[in-house]
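Inside the fold
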Amino acid sequence: MEKVCIIGAGSTKYGKLADSITDIALQASVDAIESAGIEPKQIQAGYISNVFGIADKQVHLGPVIMSNLGIPEVPSLSIESACGSGSISFREAFANVAAGFYDVVLATGVEKVTHTGTEWTTTYFSYCSDFFYEGGAGASFPGLFASMARAYLAEYKATEEDLAMVAVKNHDNGVLNPKAHLRKKITVDDVLKSAVVASPLKLYDCCPFSDGASSVILCSEKFAKAHTKNYIEVIGSGRGGSPAALQGRAHITEIPSTKIAAQAAYKMAGITPKDVDFAEVHDCFTIAELVDSEDLGFFEKGKAAQAVREGRTKLNGDIPINPSGGLKSKGHPIGATGIGQVAEVFDQLTGKAGERTVKDAQIGLTHNFGATGASCAVHIFKSV
Ligand SMILES: CC(C)(COP(=O)(O)OP(=O)(O)OC[C@H]1O[C@@H](n2cnc3c(N)ncnc32)[C@H](O)[C@@H]1OP(=O)(O)O)[C@@H](O)C(=O)NCCC(=O)NCCS
């Protein structure tokens, strides 16, 4: 297997964007290409993640992005895996470079939905659940994660304040991220007093609907070394699956796909959770960050809330989680999120994260899943 490196990353701002889906995908791709210091014609393949291109009247995005980059002859693959599309697409890009099929590839994720409004988006997102048992029965994602939250609070004696502290911490980080959707400092009281969306989850426990695009350039170690000093290495990659509907799982306070993907990624990297310096995890709702950080092995089962209370996951804690602001504050343009996490790790490990830099970090982890964790990919990166 070839060693795989990242030599460039780019993102649009996340939020409510006016430009078309193809324009924002192009902006992020050009940013990544410029950051890598390469020419578009050096790219040998494209991996494009997106879920609801149909909302902006453009599916089959791969060839459109390649054409707009002036490289229509370059093959591309369009990938959908719900909210985990970005990381699953990144994994395909990684595997193809690792296998030696390509030397340099582009992975771009994009989503554009906010113009359709909350009702349309909530309905369409619910098609990503196991629709027969969940969406079709009236359970939207806030409802499904609220079920997880109720079970977690009862089982582990955690409180709604603990959930709120996750939101406060991620908003604190997001304020330091110029590309974040919700750049607003909040307090525990603000969260507790915000409107109930699906009890016990309130407005500030939820990620927003966001538009946005992110892009990274992957290449072989040989290409990276010949080309730049500013690169990071992908040292671990794992994927996993879970029963699609929550009702099929033995426990709804853990996500099997995360555990499977994480174990595979740690094994490939030859490290344990203790070696990870920071992580970008899938906090679509505050409860998800608690569950994720236990499933990833950072804390024992049921102990994540205590870790948050002790400030261990803050930017200056012993295991900073979501220095970018996470899905909660940075935003969640679902096809782009997994690639945006990799872009954040690239910025962190190459000295481009500004005020939100995690001090002395050398190893970063990304974790991104689809739906309530039916599909998942975990990646581990190391500075060189
Ligand atoms: C929480 C949610 C229901 C709010 O939708 P909404 O009530 O229609 O919100 P609006 O877009 O009308 O925004 C109303 C206000 O709340 C703010 N807001 C919206 N979503 C927010 C969020 N998640 N967190 C904090 N503030 C939010 C908006 O900025 C706006 O503020 P303003 O009036 O100061 O401009 C919606 O964002 C949601 O469903 N989020 C979850 C998305 C999801 O399920 N993703 C998939 C995960 S698996």
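To keep things clear, this report deals only with the structure shown in the data block. No experiment lies behind these values; they were computed from the predicted model shown.

**Comments concerning the site of the ligand**
Among the 16 residues in the neighbourhood of the ligand, the closest are listed as Thr-118, Cys-206, Cys-207, Pro-208 and Lys-328. Measuring from a nitrogen atom of the ligand, one finds a backbone N or O atom of Leu-203 at 3.5 Å. Expressed as a share of its isolated accessible area of 910 Å², the protein-covered part of the ligand is 64%.

**Brief notes about the environment of Gly-335**
Along the chain, Gly-335 falls in the loop between helix H12 (326–329) and helix H13 (337–349). Sequence separation of Gly-335 and Ala-151 is 184 residues, and the distance between their C-alpha atoms is 29 Å.

**A short note on the environment of Gln-247**
Mapping Gln-247 onto the fold places it in the loop between strand S8 (232–241) and helix H9 (256–269). Along the backbone, Gln-247 and Glu-134 are 113 residues apart, and their C-alpha atoms lie at a distance of 9.1 Å.

**Describing the side chain of Ser-210**
Tracing the sequence through the fold places Ser-210 in the loop between strand S6 (201–202) and strand S7 (212–220). Since its relative accessible area comes to 1%, Ser-210 is described here as buried. A polar contact of 2.9 Å, which involves the side chain of Ser-210, links it to the side chain of His-181. Looking at Ser-210, its side chain comes within polar contact range of the main-chain nitrogen of His-332, at 2.9 Å. Sequence-distant contacts of Ser-210, defined by excluding residues within four places in its chain, comprise Gly-15, Glu-111, Val-113, Thr-114, His-181, Gly-331, His-332 and Pro-333.

**Regarding unusual backbone geometry**
The amide bond that connects Ser-199 to the next residue, Pro-200, takes the cis arrangement and shows omega of 10°. With respect to the element layout, Pro-200 can be found in the loop between strand S5 (196–198) and S6. Backbone geometry places His-60, a non-glycine residue, at a positive phi of 50°. Assignment of secondary structure puts His-60 in the loop between strand S2 (45–49) and helix H2 (61–68). Judged by relative accessible area, which is 58%, His-60 ranks as exposed. One non-glycine residue, Asn-322, lies in positive phi territory at about 60°. For Asn-322, the location among the structural elements is in the loop between helix H11 (304–309) and H12. Assessed through its relative accessible area of 0%, Asn-322 is described here as buried.

**Structural notes on the sheet that holds strand S3 (residues 76–79)**
Pairing in this open sheet of nine strands is mixed, and the strands run S3-S2-S4-S7-S1-S8-S11-S10-S9 from one edge to the other. Two strands close off the open sheet at either side, each with one partner strand: S3 and strand S9 (278–280). Here the average twist between neighbouring strands, direction ignored, is 25°. Where S8 and strand S11 (residues 375–383) come together, nine bridges link them in antiparallel fashion. By the bridge assignment for S11, Ser-237 is matched with His-379. Its contacts with the sheet place H9 against S8, strand S10 (363–370) and S11, and it is angled at close to 145° to S8. On top of the sheet, H13 reaches strand S1 (4–11), S2, strand S4 (104–111), S7, S8, S9, S10 and S11; it is set at about 170° to S10, its chief contact.

What counts and how
- Residues numbered from 1 in each chain as written.
- Predicted model: local features only at pLDDT ≥ 70, side-chain atom pairs only at ≥ 80, totals over all residues.
- Heavy atoms only, no water.
- Near = heavy atom within 4 Å.
- Polar contact = N/O pair within 3.5 Å; in protein donor to acceptor, adjacent residues only side chain to side chain.
- Areas by Shrake-Rupley, 256 points an atom, 1.4 Å probe, with all protein chains shown as cover.
- Helix = DSSP H or I, 4+ residues; strand = E, 2+ residues; numbered from the N terminus.
- Buried < 20%, exposed > 50% of the residue type's maximum accessible area, 1.4 Å probe, protein only.
- Contact = heavy atoms within 4.5 Å.
- Pairing = 2+ DSSP bridges.
- Axes fitted to C-alpha atoms, helices over the stretch in contact; angles between N-to-C directions.

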